[in-house]
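# Descriptive structure summary
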Amino acid sequence: MDIFSKIAAGEIPSYKCAENDKFYAFLDINPLAEGHTLVIPRREVDYFFDLEDEELAEYQVFAKRVAAAIKKAFPCKKVAQVVLGLEVPHAHIHLIPMNSEADVDFRKKKLSLTPEQFEEIAEKIRKAF
């Protein structure tokens, strides 16, 4: 079981934003912005495009609902969707509130937030979801 599966199963703590029986959304612990959320399928699959067509469609619809909650909780021009990352062999979508493309530069310094701040951010998204 990979680290993201352990997070979705509750074996590793996370700041949960939304979930259903197939997908799980939680705050990125190295966020580019407040509200930066990861959305994962509960089923372990490494490569985003290896998901079955129906599963991929459901994944996108779930991510769309999470993005709408993020936008409501953290007003911004758009919520970026980024699919990248080789560190964890588990498909994941980054949802990041943005007002400019510079807000989605993964080379920039990440935010340093307290556990209380993370929980407050996750709660805002949960309420909006």
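The following paragraphs examine the structure supplied in this document. (Residues numbered from 1 in each chain as written. Predicted model: local features only at pLDDT ≥ 70, side-chain atom pairs only at ≥ 80, totals over all residues. Heavy atoms only, no water.)

## Focus on the sheet that holds strand E1 (residues 16-19)
Sheet strands pair by backbone hydrogen bonding; their relative direction is either parallel or antiparallel. Taking strand neighbours across the sheet as the criterion, the 5 strands line up as E1-E2-E3-E5-E4 in an open arrangement whose pairing is antiparallel. Single-partner strands in this sheet number two, and they are E1 and strand E4 (78-82). Looking at each pair of strands side by side, their axes are set apart by 20° on average, direction ignored. Pairing geometry for strand E2 (residues 23-27) and strand E3 (residues 37-41), over 5 bridges, is antiparallel. Bridge pairing in E3 places Leu-27 opposite Thr-37. The strands that helix H2 (residues 53-73) touches are E1, E2, E3, E4 and strand E5 (93-98); relative to E3, the one it contacts most, it runs at about 160°. This element, helix H3 (residues 115-128), spans E1, E2 and E3 of the sheet and lies at about 30° to E1. (Pairing = 2+ DSSP bridges. Helix = DSSP H or I, 4+ residues; strand = E, 2+ residues; numbered from the N terminus. Axes fitted to C-alpha atoms, helices over the stretch in contact; angles between N-to-C directions. Contact = heavy atoms within 4.5 Å.)

## What about the layout of surface pockets?
Approximately 460 Å³ is the volume attributed to the largest pocket. Along its surface, the largest pocket is lined by 22 residues, and Phe-4, Asp-28, Ile-29, Asn-30 and Leu-38 are the ones closest to its centre. Among the secondary structure elements, those contributing two or more residues to the lining of the largest pocket are helix H1 (3-8) and E2. Of the residues forming the lining of the largest pocket, the biggest block, 3 residues, is contributed by H1. (1 Å grid on protein atoms, 1.4 Å probe; cavity = no way out; pocket = protein on both sides within 12 Å on 5 of 7 lines; lining within 4 Å. Points joined across faces, edges and corners; volume = space filled by probe spheres on them.)

## Here's the deal with the pattern of salt bridges
One pass over the full model with this rule turns up 7 salt bridges. Lys-22 is the partner of Glu-58 in a salt bridge, and the nearest nitrogen-oxygen pair spans 2.8 Å. A residue pair is termed long-range when its members are at least 10 positions apart, and Glu-58 in helix H2 and Lys-22 in the loop between E1 and E2 qualify at 36 residues. Salt bridges sharing common partners tie together Lys-16, Glu-19 and Arg-42. (Salt bridge = Lys/Arg side-chain N within 4 Å of Asp/Glu carboxyl O.)

## Quick word on the packing of H2 against H3
Interaxial distance between H2 and H3 falls to 8 Å at its minimum, and their mutual angle equals 115°. Crossing angle aside, the handedness with which H2 passes H3 is right-handed. Contacts between H2 and H3 involve Ala-69, Ile-70, Lys-72 and Ala-73 from the former and Lys-124, Ile-125 and Ala-128 from the latter. For the contact of H2 with H3, the class distribution of residues is 5 nonpolar, no polar and 2 charged. (Left-handed = near helix turned anticlockwise from the far one by under 90°. Nonpolar A, V, L, I, M, F, W, Y, C, P; charged D, E, K, R; others polar.)

Just distances and angles here, no functional claims.
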